[in-house]
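Letter by letter, the chains look like this.
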Amino acid sequence: MKAIVCRRYGSPDVLELAEVEKPVPSAGEVLIRVRAASVNPFDRHFMRGKPFPIRAMTGLRRPKESRAGVDVAGEVESVGTSVIDLKVGDAVFGSARGAFGDYVCTSKVIRKPNGMTFEDAAAVPVAGFTALQAVRDRGHVQAGEKVLIHGAAGGVGTFALQIAKAYGAEVTAVSRPENFDLLRSIGADHVVDYTRDDFTKSGQYDVIIDCYATRPLAACRRALAPHGRYVMVGGPAGGLLASVTGLLAAKLLSIGSNRKVAIVSAKSNLNDLATLAEWIEAGKVKPVIDRQYALSEVPDAMRYLEQGRARGKIVIQMSHPSN
């Protein structure tokens, strides 16, 4: 079978399309015939081995696990001996290390809604549950609150905007002007052009979901209403993988104040994935896909991700026919 492998750290040039052995599921896993996958910032960190602390998980000198990719959608080809909730032929989506390949084994998938394409399903997992946990668990967004999303046109941002709207919030989206029509189409009530205006001076908000963390924490905190919550999702130089100083600053800025600062360290959660699937079926949330690439074009997909201009998600489409 074909798969993208990363045997050393570096630029997208280190990603290779190689012939690898077809995996065999353990007792609690299913073997999935991959129909689509999607690209995440984590894949970039895994590829480059940066920021350096990530190597404690991925391998000091070279990746311990060479297969790349996390988000996956496909069909169950075989099941482990202890799997009782899925069967051969089920269409599923979720998370799996090694998603950029013809087949992958995992236990972290649920059934795909019938009305959702494999491409849309593959766009959901990491960005979707990160946004959900940011809006619901850290932001505690309530109906009628004013929510600002910095980096609203990105993978997490497009989900966070729609989830905040699903909770009944009034949402201000921060992005570039060329993204404004897209953002309004998925529910933004107001837009701010970060190339001209400082969003920390655009008003006071009950919740700020910050997907880029390019403004000082103190400035963002001042943009919060009394009892407001600032939620940092990521940053331009490593995101949460380089967040030790961010965590310390968040705790310090929260001491003795009703304005709270938190950082999202999102975790794969099948219940959250099921919640997102329900909202997608109900039309409350829709995955936004910018571009699609073939498996052999994953290096190009990573180059595009690194430009920081993607609107929504970048999807890897397998050569199998899609439905």
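Procedures and definitions
Residues numbered from 1 in each chain as written. Predicted model: local features only at pLDDT ≥ 70, side-chain atom pairs only at ≥ 80, totals over all residues. Heavy atoms only, no water. Helix = DSSP H or I, 4+ residues; strand = E, 2+ residues; numbered from the N terminus. Rg over C-alpha atoms; globule rule 2.2 N^0.38 Å. Buried < 20%, exposed > 50% of the residue type's maximum accessible area, 1.4 Å probe, protein only. Contact = heavy atoms within 4.5 Å. Areas by Shrake-Rupley, 256 points an atom, 1.4 Å probe, with all protein chains shown as cover. Lys, Arg positive; Asp, Glu negative; His and termini not counted. Charge placed at Lys NZ, Arg CZ, Asp CG, Glu CD. Pairing = 2+ DSSP bridges. Axes fitted to C-alpha atoms, helices over the stretch in contact; angles between N-to-C directions. Parallel < 35°, antiparallel > 145°, perpendicular 65-115°, else oblique. Nonpolar A, V, L, I, M, F, W, Y, C, P; charged D, E, K, R; others polar. Salt bridge = Lys/Arg side-chain N within 4 Å of Asp/Glu carboxyl O. Expected span 1.5 Å × (residues − 1). Arc of directions from axis to C-beta. Polar contact = N/O pair within 3.5 Å; in protein donor to acceptor, adjacent residues only side chain to side chain. pLDDT = per-residue confidence, 0-100.

Participant: Would you mind going over the overall build of the chain with me for this structure?
Facilitator: Within the chain, the regular secondary structure consists of 10 helices and 15 strands. Here the chain has a C-alpha radius of gyration of 19 Å; the compact-globule value for 323 residues is 20 Å, and the two agree. Overall, the C-alpha framework of the chain stretches about 55 × 45 × 35 Å when taken along its three principal axes. A burial count over the chain gives 54% of its 323 residues as buried. Pairs at least 24 apart in sequence give 66% of the contacts found in the chain among residues at least 6 apart. Of the roughly 14300 Å² of accessible surface on the chain, a fraction of 50% belongs to carbon and sulfur atoms. Put simply, the chain has 42 plus and 33 minus side-chain charges, and the middle of one group is 6 Å from the middle of the other.

Participant: Which parts of the structure should I look at to understand the sheet that holds strand E13 (residues 260-263)?
Facilitator: Through backbone hydrogen bonds, the strands of a sheet pair up, either in parallel or in antiparallel fashion. Judged by pairing direction, the sheet is parallel, and its 6 strands sit side by side in the order E10-E9-E8-E11-E12-E13 without closing on themselves. Strands at the two margins of the open sheet, each flanked by one partner only, are strand E10 (190-193) and E13. Looking at each pair of strands side by side, their axes are set apart by 15 degrees on average, direction ignored. Of the pairings in the sheet, the one linking strand E8 (residues 146-150) to strand E11 (residues 205-210) comprises 4 bridges and is parallel in character. Residue pairing in the sheet places Val-147 in a bridge with Val-207 of E11. Against the sheet, helix H4 (residues 125-138) touches E11, strand E12 (224-232) and E13, its axis set at about 150 degrees to E12.

Participant: What is the right way to read the packing of H4 against helix H9 (residues 270-281) from this model?
Facilitator: Angle between the axes and distance between the axes are the two parameters that describe a pair of packed helices. Contact pair H4 / H9: the axes reach a minimum separation of 10 Å and the direction vectors enclose 95 degrees. Judged by the angle between their axes, H4 and H9 are roughly perpendicular. Contacts from Pro-125, Gly-128, Phe-129, Leu-132, Gln-133 and Arg-136 in H4 reach Asp-272, Leu-273, Thr-275, Leu-276 and Trp-279 in H9. Across the contact of H4 with H9, the residue classes tally to 6 nonpolar, 3 polar and 2 charged.

Participant: Is there a simple way to think about the pattern of salt bridges in this case?
Facilitator: Per the counting criterion, the structure on display carries 20 salt bridges. Between Arg-35 and Glu-75 there is a salt bridge, and its shortest N-O distance comes to 2.8 Å. Note that Arg-35 is positioned in strand E3 (residues 30-39) and Glu-75 in strand E4 (residues 71-79), a separation of 40 residues in sequence. Overall, Arg-35 belongs to the buried group, its relative accessible area being 7%. Of the charged contacts, one joins Arg-303 and Asp-300 as a salt bridge, the two residues approaching to 2.8 Å between their closest N and O atoms. Separated by 3 residues within a single helix, Arg-303 and Asp-300 lie in helix H10 (residues 298-306), roughly one turn from each other. Several salt bridges share partner residues, and in doing so they unite Asp-13, Asp-300 and Arg-303 into one network.

Participant: Please explain the environment of Tyr-230 as it appears in this structure.
Facilitator: As for its placement among the helices and strands, Tyr-230 is situated in strand E12. Exposure remark for Tyr-230: the relative accessible area of 1% places this residue in the buried category. Setting aside residues no more than four positions away along its own chain, Tyr-230 makes contact with Ile-208, Asp-210, Ala-213, Leu-217, Cys-220, Leu-224, Lys-260, Val-261 and Ala-262.

Participant: Which parts of the structure should I look at to understand H9?
Facilitator: Note on helix geometry: an α-helix contains 3.6 residues per turn, so any two residues three or four positions apart are oriented the same way. Between its first and last C-alpha, H9 extends 16 Å over 12 residues, near the 16 Å set by a 1.5 Å rise per residue. Turning to H9, its buried residues number three or more, namely Asp-272, Leu-273, Leu-276, Ala-277, Trp-279 and Ile-280. In a view along the axis of H9, the buried residues occupy a sector of 165 degrees, so they form one face of it. Summarising the geometry of H9, the exposed residues directed more than 90 degrees from the buried face are Asn-271, Glu-278 and Glu-281. Sitting at the amino-terminal end of H9 is Asn-269, which places a side-chain oxygen 2.8 Å from the backbone nitrogen of Asn-271. Where H9 ends, the next residue or the one after it, Gly-283, has phi of about 80 degrees, a positive value.

Participant: Which parts of the structure should I look at to understand the confidence of the model for the chain?
Facilitator: Where the model shows low pLDDT, its predicted coordinates should not be examined in detail. With 92% of its residues at a pLDDT of 70 or more, the chain has an overall mean of 91. Low confidence marks residues 237-242, where pLDDT is under 50. Its contacts with residues over four positions away, or in another chain, come to 15 contacts.

Participant: I would appreciate a short explanation of unusual backbone geometry in the present structure.
Facilitator: A negative phi angle is the norm for most residues apart from glycine, just as the trans form is the norm for most peptide bonds. A positive phi angle is found at Ala-213, which is not glycine, with a value near 50 degrees. Take Ala-213: it is sitting in the loop between E11 and helix H7 (217-222). Positive phi values are uncommon outside glycine, yet His-227 reaches one of about 70 degrees. When you line up the elements, His-227 lands in strand E12.

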